[in-house]
Amino acid sequence: MDWATLFMKMDASVDSITLFVVLLCLCIVIGHLLEKSRWMTESVTALFIGLCTGIFILVTTKGKTSHPFVFDEHLFFIYLLPPIIFNAGFQVKKKQFFQNFITISLLGAVGCLISFVIIWLGSTFLLKNLDIGFLEIKDYLALGAIFSATDTVCTLQVLNQDETPLLYSLVFGEGVVNDATSVVLFNAIQRFDLSHITSTVAMELFVNFFYLFLTSTVLGIVVGLLTAYIIKKLYLGGHSTDREVALMILMAYLSYMVAELFDLSSILTVFFCGIVMSHYTWHNVTEKSRVTTKHGFATLSFISEIFIFLYVGMDALDIEKWKFVSKSPGKSIGVSSILLVLVLVGRAASVFPLCFLSNLTRKSQSDKIGFKQQITVWWAGLMRGAVSVALAYNWFTMSGHTQQAGNAIMITSTITVVLFTNVVCGLLTKPLVRFLLPQHKQSSNIMSSELSSEMSLVLPVLTNREDPKQDSMSESDRLPPNLRMLLTRPTRSVHYYWRMFDDSFMRPVFGGRGFVPHIPSPNQNSLHEHLLPEQHTIVE
């Protein structure tokens, strides 16, 4: 390669990066201006900006391309997805998440399998009549894995963790487990010979899934605990907050890459690593590092999400794929319609029956998932996004290029379903949530959830000091019924035993709230210490 060619490629790369940086800034500004809109979300805004940019590039290049570089699924899985999933685990309300863990596992793992089977069988019987090209049984299985993945990125921007804590924990938690399950299924389809499915092959697939689930979860927990122990023992923040922040970022990314290295589910690994780091590591660092990591991880996640939706919007107009589709537009519309209907049916067949089974295990009527909430879970989980696009590119293209008409139709149909579900479902989810769950009910749930969360953190510390029963009982009339029962009747739930084990064995070794002395930031003045006397009382 001569220097002229290399320089041209460098210029093209610089131009592409510059364009995306400008578009990211534009998305932030426009998203801020539309923040109070009851319809628009940041993901939909980024999609529209990506579409407009794609049209502009298509016109200026005289129909040669609509995006500055070719999509690479490795870019998505290696660089863009890790900060999104890690921040989701780092910021999630752990108590709400684990209280609904059985339901989340049902919806995420079992629900994904149900959707996978429905989409696989439906596409096998319906797409054959369209004569879109030679598709083998593995291609139909791949379609089941591609379209059974609900997009966590889309869901997080539609639902709010404070407005609808139960729905957020269900849909988000399901999305993480669902993405991991779909990726495991996709990898299994590539790895196993599924031309003749037998009971032995099905059992191997089943065992492989649980092996990946357990080992990936354990790896994320181990890396998170190791990071907490190192920071607690070495006291890195005493010399420089940069070191402990850098260590947290690098160890989180290391967990993802190690999972990729050993062909595990990196999504589950980095998610549980984020949960463990927020529970232990975050409390071991200085106050400045806490603020830096909290907002730093959220910023990286936000930029990655916007980048993904920008590219999906631009790639929707890729001329290379539409050249094949333009010869038979009816087939493309038929494939997109069939896949969209199968997504709707598969989602309904997984959500409503599994929520019914989950309600059978919930004794209290207030804890059960109501029909309106089930509709919201079903609707919010209809969105498909970058995970589906990345898996489709991985299966139906070679180095980002489409070589066959049938593959081109599958790629354009995937993008069509992604755009339709994001735009339509994304625009209508906010009004739907407000209609099904009135604001005053949400507000009361928020207050009770936050109050119970704060009390659950303070009570274990108070038990080592004065008896809190007198104060608690004197204010019991003003507390929610569930919290009043918690204070007057000690329960022996799983959370209770975990808290005892955590306080007795885990936190003394790995640190955490209430078990780490107050660590001021370097060069921290005494005025700031006087501003937070309550925090010093709690953690010392």
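Look up: the structure comes first, before these words.
Residues numbered from 1 in each chain as written. Predicted model: local features only at pLDDT ≥ 70, side-chain atom pairs only at ≥ 80, totals over all residues. Heavy atoms only, no water.

### Some remarks on the overall build of the protein chain
Phase 1: The helix and strand tally for the protein chain stands at 23 helices and 0 strands.
Phase 2: Evaluated residue by residue, the protein chain yields a buried proportion of 50% over its 540 residues.
Phase 3: Taking the intrachain contacts of the protein chain between residues at least 6 apart in sequence as the baseline, contacts between residues at least 24 apart amount to 83%.
Phase 4: Carbon and sulfur atoms make up 66% of the accessible area of the protein chain, which totals about 26,500 Å². (Helix = DSSP H or I, 4+ residues; strand = E, 2+ residues; numbered from the N terminus. Buried < 20%, exposed > 50% of the residue type's maximum accessible area, 1.4 Å probe, protein only. Contact = heavy atoms within 4.5 Å. Areas by Shrake-Rupley, 256 points an atom, 1.4 Å probe, with all protein chains shown as cover.)

### Some details on the side chain of Arg 347
Phase 1: Looking at where Arg 347 falls in the secondary structure, it is placed in helix 14 (residues 329–360).
Phase 2: In this structure Arg 347 touches Ser 115, Thr 150, Glu 174, Val 377, Trp 378, Gly 381 and Leu 382, once residues within four positions along its chain are discounted.

### A closer look at the side chain of Thr 414
Phase 1: Looking at the secondary structure, you find Thr 414 in helix 17 (residues 405–436).
Phase 2: Beyond its immediate chain neighbours, meaning those up to four positions away, Thr 414 contacts Phe 147, Ser 388, Val 389 and Ala 392.

### Notes on the pattern of salt bridges
Oppositely charged side chains can pair when the atoms bearing their charge come close.
Phase 1: The tally for this structure, following the rule as stated, stands at 3 salt bridges.
Phase 2: A salt bridge links Arg 347 to Glu 174; its shortest N-O distance comes to 2.3 Å. Of this pair, Arg 347 sits in helix 14 while Glu 174 sits in helix 8 (residues 165–191), placing them 173 residues apart in sequence.
Phase 3: The closest approach of N and O atoms between Arg 507 and Asp 503, which form a salt bridge, is 3.8 Å. (Salt bridge = Lys/Arg side-chain N within 4 Å of Asp/Glu carboxyl O.)

### Digging into the environment of Val 325
Phase 1: Residue position: Val 325 is located in helix 13 (residues 319–326).
Phase 2: Each C-alpha atom of the pair Val 325 and Ala 408 lies 6.9 Å from the other, and the pair is 83 residues apart in sequence.
Phase 3: With sequence-adjacent residues up to four places away left out, Val 325 is seen in contact with Ser 332, Ala 408, Ile 409 and Thr 412.

### Remarks on helix 10 (residues 241–261)
Phase 1: For helix 10, spanning 21 residues, the distance from its first C-alpha to its last is 30 Å, which sits close to the expected 30 Å at 1.5 Å a residue.
Phase 2: Among all positions of helix 10, only Thr 241, Glu 244, Val 245, Met 248, Met 251, Ala 252, Ser 255, Tyr 256 and Ala 259 are buried. On an axial view of helix 10, the arc spanned by its buried residues comes to 130°, and they lie on one face. Among the exposed residues of helix 10, those oriented more than 90 degrees off its buried face are Asp 242, Arg 243, Leu 250 and Leu 261.
Phase 3: Against helix 3 (73–91), helix 9 (199–234), helix 11 (266–284) and helix 12 (287–315) lie the buried residues of helix 10. (Expected span 1.5 Å × (residues − 1). Arc of directions from axis to C-beta.)

### Some points on the environment of Thr 181
Phase 1: Positionally, Thr 181 belongs in helix 8.
Phase 2: Beyond its immediate chain neighbours, meaning those up to four positions away, Thr 181 contacts Gly 108, Ala 109, Cys 112 and Phe 209.

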